[in-house]
Structure formats: C-alpha cells, structure tokens
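Examination of the molecular architecture
Residue strings, one per chain:
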Amino acid sequence: MSLFKNSRHLALAQAQVVPDSELCVQCGCCTYNCPMEIDVRSYARKGLPILESYCLTCSECVNRCPRGVLRFEKITNPTGS
Amino acid sequence: MLVRYVIIGSGIASLSAAEAIRQRDSTGRITIISEESHDFYSRPGLAYYLRRDIPEKQLFIRSAKEIRELALERIHSQAIHIEAKQHQVQLENGQIVPYDRLLLATGALASSPSFTGNHLRGILKLDGLDDTHQLISRARKAKRAIVVGGGITALELAEGLHARGVKVAYLLRGDRYWSDVLNEEESKIVMDRLKHEGIDLRIKTQVEEAIGSRGEIQSVRTNQNEILPTQLLAVAIGVKPRIDLAQRSGLATKRGILVTPYLQTSARDIFAAGDCAEILDPQTGKSQQDILWPIALAQGRIAGANMTGEELVYKKEIPFNVTMLAGLKVAIIGQIGGGSQNDDLVSVSRGESETWRLLPKTILVESLDQINRIRLAFGEKSLQGALVMGDQRWVRVLKKLILHQVDVSAIRGALTNNLHQILPRLEQKLNEWEHRNKT
Ligand SMILES: Cc1cc2nc3c(=O)[nH]c(=O)nc-3n(C[C@H](O)[C@H](O)[C@H](O)COP(=O)(O)OP(=O)(O)OC[C@H]3O[C@@H](n4cnc5c(N)ncnc54)[C@H](O)[C@@H]3O)c2cc1C
Ligand code: SF4
Ligand code: SF4
C-alpha cells in the first residue's frame, strides 16, 4: 500500500471538496484559481463542503491551497444533507 | 441603552470579535479604531500576493455586503492612551472615544535589526499590506535584494522577491534553516530547494553594517568582510506582541498583554485577543507564545462573545500550522523541536508557536521518501508532536492523535523506523478511540 495517495484518483470517483476550516488563513488562493469562480474561501471559512452543482472536482483549489485545508471526500450522501 | 463596543486593531482577532458581538447584539455600537485604513485582509495572504500567486484584491476577506451587515463604525487613527477609569480611549487625531467594553487586538510587530545603518531607506519588514506595497515598489527597481532572518516570513520574503525578478541573497547566521523546529535533514531539503530555485543562500553569514548614500541603502558588509551590493534589505528576525499602549495605560503585561482564560485584562471591561495577548499557565507561571492566525481568530470570537456578557473560556489548543517551505507543504503539530538553537531569530516568528521548539522525552521515527517525510515524537503514552513534509495525507490522523492524546503505548513498545507499519497501526488506534468516544 502506498502511504501517499493521489487525491486526483478520489476526485474521479464521486467526491466533494471538504475543508478543515480551523487551518484556513483566508488567503483566497483557492477562490482565485477555481475555474468555475466558486468562492471556495467562503466555504472553507464556514467549514462547509462545496456542494455547488457546477464544481468540476477538478482539484485545482485542493492543490493550490498552501495550507492543506481542502481535501476530497467521497460523497456518502449525495444530497449532502 | 445601547452598548458601546470599541475594538483597537483591524486584524483577524478584531474581525472575529466584531462578528461574534454582532451575532449576539444587533443594536450595540461597534467602533473599530485602526492605524491601518484597509478593509479586513488576510495577513498570511500577503506572502502569496508578494509571490504573485494572487492579485491584491483577493486579499480582502469579506464582501462589501458582509461588512455592511456588521454595521461597524471605523476610525482611522492610532490609539495612544486608555483611561480605564473613565472608560475612554484617546486617539492620535485628538478624538476621545468612550466605551462600555474595549478589546485590544493590536497584534504583533516585526523586531528591528540592530546593525549599524539600520535606519536606511530600503530596509523593510513585512508586517502589513502597506509594507507589502513598499516591498513591491522597491522590487520593481531593485536588481538585488538581501533577506535576513529565520522562520516562515524570511523564507516567504526571499521567495516573493525572487518571484518578482530580483536577485536574492538569503543570509543565515547559523548553519541551517529554522534549526529549532526542523531537523538537519529537513533543513537541508528546504535549503537545497531554495538554491535550486536560484536563491543565493549563504550560511554563517551575518550583516554587520548597512551602507548607504543619501539615506538609501546601497550595500551591506557581512561578518565575512564581504561587501554585497543591494537596493533592498528585507528583515524578518521575529515579532513582538504590541503591548506599548496597554503598558502605558497601566494594564498588566509581560511578553504580551496578560489575560485570564476569559480573555479579560487586568482592567475592568477591557479584553485582549490575538497576537498581543498572553495567557500564563497557572502551574508554571509561564507561557508559550503563538503567532498564529487560527488562534487569533478563536480568541477574537471568545473575547467578542464575552464582551456581550457571556462567559466563554479560551482553551489553548495544540499549535498547528501548515505552511509552504520552498514549494513543499509542511505541517507542524505540537512539540517537535529541531534540536538546535536558532540564531536567525531574536523572538518567535510569524506563523510559529514556541511549543514547536520543545522536544519531549521522545522516540523519534522518521520516514525517508526523498521529499515526503514524517517525523513523530512520542511521549510516555501518546504522540506529542509530528512534522509532515510533502504529502499531507497523514496529517489529519496525526493531528487527532496528538490533540486527544490518544493512548498509543501499545505501539510505542514495538517502534521500528518503518513508518509503513506504524502509520496504519496509529490510524487503527485512532479509529478505536473514536469508536469508544462516540456518544
Ligand atoms: C507574512 C506573514 C505570514 C504569516 N504566516 C502565517 C502562517 O503561516 N500561519 C499562521 O497561523 N499565521 C501566520 N501569520 C500570522 C498571522 O497573520 C497573525 O497571527 C494574525 O494575523 C494575528 O492577528 P491579530 O488580529 O492578533 O493581529 P494583527 O493582524 O497584527 O492586527 C493588529 C492590528 O492592530 C493595529 N494596531 C496596533 N496597535 C494599534 C493602535 N495603538 N492603534 C490603532 N491600531 C493599532 C494594527 O495596525 C493592525 O491592524 C503570518 C503573518 C504575516 C504578516
Ligand atoms: S487557499 Fe486554503 S488557506 Fe487559502 S483561503 Fe483557500 S482554503 Fe483557506
Ligand atoms: S474542485 Fe475545481 S471547480 Fe470545484 S471548487 Fe475546487 S477549483 Fe473550483
């Protein structure tokens, strides 16, 4: 087993971006790099998963966040409720 | 009667306090006094702005609508004195601002270097957005820059100026980077990467004198007696909590403004939160200083709530930061000292906690996967600290184990240096713990 998994593999499965808000320094690198202009920072600040239907799960925000705040998590309940 | 809340400072402690107050009191008057005229911005984000990762407008952390909803009154001036008995603050612009509850959220300020010529124009620090503007405008004209200091900010300065096309020499007094937090191997990885990026990294080199002409810096003389020409000297040798106002006004201070776990200062109706505040450990009478965004945010929230009459207690968390060092993500959790003294800092640096320098009685386990590394520090029963360099997949597990002090003594007995075996077992311990503690 590899100790270091690539988050892209997960992204390809049904996944959503989930923040660890405690760590976020609100720098905005995620929002700036999101091709869909989703305000990722505001989700991160509030500790909410990104449930916007137009999120491509492209992993751009996850990779650009300098603080490791964002990660992919498998959607266990697709309605997100 | 409307309560008059006054907050000095406009950083994250100030903003989170204002939000916490507004959540609980929709009509009270909230006045923010700050010498900074900008809207609320991300201070750690300044490094990414300097490095051109984001444009300036990305730094601002609340929308115009969110700010309007807070209904704040802002005064752009410096607070110069607090008359605690009369419940009023005196400002530099002559104004007197009365308060019912006051919050000091004055942050920390970068320490000044002591070498000869330290007053010259072109010697810059990185405290706020105005400094960043100055750095950027100097970098536009400068061919060469010199960076001195240690910790995260010095490195961010070196990389930021380099990204702006300036030839950067980064001088370290000691023989390796951030030697009280990183171990030798980790320092070496970061230093090699910096050199590879094109930064002229020099060890055991110290500025003895800054030499200028007509008040402008032109070169520095080092302890090696070398003259290095430069148009910019960026300094990040540590920060100090801003306690001058509190001190002048008769509040109890030590390294920071002393507060109770309710974040109350020694004066009635005055609170303090963020980088400027200091909470002493009742057992030791000492404190470990943190200059960390999440801690300033959490304290601001609690101080704000308590200003409206609640009685929330601030509980110190295990200091944790993830940062980019020479393009590598590095997470630092709890006590994980680098084992050496650090000559590049005169005080704690931004984005740092003094706790990280502590090294408990430990067994250290390291993994070498070229750049992906994990270093663990075990105490008697539980994990005390961890440093994760590169891939961050294990950070969440390690953080929880340290935060909850999960008993992992069963594993400790069988420690090998093979993390491929240890990490899954640690994860299992956490799962068991979480299962037991599920209510
Ligand atoms: C370049 C950089 C990188 C950083 N990196 C990290 C990191 O990686 N991780 C991390 O956790 N933290 C990091 N930090 C630290 C983090 O930004 C601080 O811990 C946090 O911003 C502290 O917030 P604060 O509200 O306590 O103080 P500050 O944000 O410093 O705000 C203090 C405010 O008070 C004002 N003020 C002070 N005195 C007066 C007065 N007498 N009258 C009026 N106004 C006054 C100041 O002008 C300022 O606006 C970094 C900081 C910088 C600058
Ligand atoms: S990039 Fe990361 S730290 Fe910065 S705002 Fe986004 S989630 Fe927060
Ligand atoms: S995964 Fe891609 S589309 Fe979705 S929020 Fe992040 S950057 Fe935007």
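About the cut-offs
Residues numbered from 1 in each chain as written. Chains lettered and ligands numbered in written order. Predicted model: local features only at pLDDT ≥ 70, side-chain atom pairs only at ≥ 80, totals over all residues. Heavy atoms only, no water. Helix = DSSP H or I, 4+ residues; strand = E, 2+ residues; numbered from the N terminus. Rg over C-alpha atoms; globule rule 2.2 N^0.38 Å. Contact = heavy atoms within 4.5 Å. Areas by Shrake-Rupley, 256 points an atom, 1.4 Å probe, with all protein chains shown as cover. Axes fitted to C-alpha atoms, helices over the stretch in contact; angles between N-to-C directions. Parallel < 35°, antiparallel > 145°, perpendicular 65-115°, else oblique. Left-handed = near helix turned anticlockwise from the far one by under 90°. Nonpolar A, V, L, I, M, F, W, Y, C, P; charged D, E, K, R; others polar. Near = heavy atom within 4 Å. 1 Å grid on protein atoms, 1.4 Å probe; cavity = no way out; pocket = protein on both sides within 12 Å on 5 of 7 lines; lining within 4 Å. Sits in = over half its atoms within 2 Å of the grid points. Phe/Tyr/Trp six-rings, centres within 6.5 Å; stacked < 30°, edge-to-face > 60°. Buried < 20%, exposed > 50% of the residue type's maximum accessible area, 1.4 Å probe, protein only. Lys NZ or Arg CZ within 6 Å of the ring centre and 35° of its normal. Pairing = 2+ DSSP bridges. Core = buried A, V, L, I, M, F, W, Y, C linked by side-chain atoms within 4.5 Å. Points joined across faces, edges and corners; volume = space filled by probe spheres on them. Buried area = accessible area lost by both parts, 1.4 Å probe. Salt bridge = Lys/Arg side-chain N within 4 Å of Asp/Glu carboxyl O.

1. Concerning the overall build of chain B
For chain B, the helix and strand inventory stands at eleven helices and 25 strands. Rg of the C-alpha trace for chain B: 23 Å, near the compact-globule value of 22 Å for 439 residues, within the 12% margin. Dimensions of chain B, computed from C-alpha atoms along their principal axes, come out at roughly 70 × 65 × 40 Å. A separation threshold of at least 6 residues defines the contact pool for chain B, and within that pool the share at least 24 residues apart is 63%. For chain B, the exposed area adds up to about 19200 Å²; of that, 47% sits on carbon and sulfur atoms.

2. Regarding the packing of helix H9 (residues 395–403) of chain B against helix H11 (residues 419–436) of chain B
All names here are of chain B. The interhelical angle for the contact between H9 and H11, taken along N-to-C directions, is 55 degrees, at an axis separation of 10 Å. Comparing their axes, H11 and H9 come out oblique. Remark: the crossing between H9 and H11 carries left-handed chirality. The residues of H11 that touch H9, namely those facing Val-397, Leu-398, Lys-400 and Leu-401, are Leu-423, Leu-426, Glu-427, Leu-430 and Glu-434. Residue composition of the contact of H9 with H11, grouped by class: six nonpolar, no polar and three charged.

3. Examining the site of ligand 2
All names here are of chain A. In the region of ligand 2, 14 residues are neighbours, and Cys-24, Cys-27, Gly-28, Cys-30 and Cys-65 sit closest. Counting atoms within 2 Å of the grid points, the majority share of ligand 2 lands in the second largest cavity. Within the residue set of the shell around ligand 2, elements represented by two or more residues are helix H2 (29–33) and helix H3 (40–46). Here the shell around ligand 2 is built from residues that sort into ten nonpolar, two polar and two charged.

4. Quick word on the packing of aromatic side chains
Residues and elements named next belong to chain B. For the structure shown, the criterion picks out two aromatic pairs over all chains. Between Tyr-170 and Tyr-177, the aromatic rings sit 6.5 Å apart at their centres with planes inclined by 70 degrees, giving edge-to-face as the arrangement. Summarising the aromatic geometry, the rings of Tyr-177 and Trp-178 are spaced 6.1 Å apart at their centres and angled 50 degrees between planes, so their arrangement reads as tilted. Accessibility classification places Tyr-177 together with Trp-178 in one group, the buried group. Connected via pairs of aromatic rings, a cluster forms that spans Tyr-170, Tyr-177 and Trp-178. Arg-74 extends its terminal NZ or CZ atom over the ring of Phe-40, reaching a point 5.2 Å from the ring centre.

5. Focus on the sheet that holds strand E11 (residues 167–171) of chain B
All names here are of chain B. With parallel pairing, the five strands of this open sheet are ordered in space as E9-E16-E10-E11-E12. Strands with a single pairing partner mark the edges of an open sheet, and in this sheet they are strand E9 (123–124) and strand E12 (200–202). Sheet analysis places strand E10 (residues 144–149) next to strand E16 (residues 232–236), joined by five bridges and oriented parallel. Directly across from Val-148, in E16, lies its bridge partner Val-235.

6. A word on the nonpolar core
Grouped together as the largest cluster of nonpolar side chains are 103 residues, with contacts concentrated most on Leu104(B), Tyr170(B) and Tyr177(B). Broken down by element, the residue count for this core peaks at seven residues, all from helix H8 (residues 293–307) of chain B. Apart from the residues lying within four places of it in its own chain, the contact partners of Tyr170(B) are Val147(B), Gly149(B), Gly150(B), Ala154(B), Leu155(B), Ala158(B), Tyr177(B), Leu194(B), Ile199(B), Asp200(B), Leu201(B) and Arg202(B). One finds Cys34(A), Phe72(A), Ala331(B) and Ile422(B) within the second-largest nonpolar core, a separate group that totals 43 residues.

7. Here we look at empty space enclosed by the protein
Residues and elements named next belong to chain A. Counted under the stated rule, the structure contains three cavities of 30 Å³ or more. If you add up the space inside the largest cavity, you get close to 100 Å³. Along its surface, the largest cavity is lined by 15 residues, and Cys-34, Cys-55, Leu-56, Cys-58 and Cys-61 are the ones closest to its centre. Here the residues of the lining of the largest cavity sort into twelve nonpolar, two polar and one charged.

8. Details of the interface of chain A and chain B
Of the residues lining the interface, 25 residues belong to chain A; the matching set on chain B comes to 37 residues. With both chains or domains summed, chain A and chain B bury close to 2700 Å², and 52% of this area falls on carbon and sulfur atoms. Linking chain A with chain B are three salt bridges. Between Glu66(B) and Arg45(A) there is a salt bridge, with its nearest N and O atoms 2.8 Å apart.

9. Overview of the sheet that holds strand E24 (residues 373–378) of chain B
All names here are of chain B. Reading across from one edge, E21-E22-E25-E24-E23 is the order of the five strands in this open sheet, with antiparallel pairing throughout. Sheet topology places strand E21 (320–325) and strand E23 (364–366) at the edges, where each strand pairs with a single neighbour. On average, adjacent strands in this sheet sit at an angle of 15 degrees to one another, irrespective of strand direction. Examined bridge by bridge, E21 and strand E22 (residues 328–334) share six bridges and lie antiparallel to one another. Pairing of Phe-320 across the sheet is with Ile-333, part of E22. Contacting E23 and E24, H11 crosses the sheet at an angle of about 60 degrees to E24.

Limitation: the analysis is restricted to geometry and does not speak to function.
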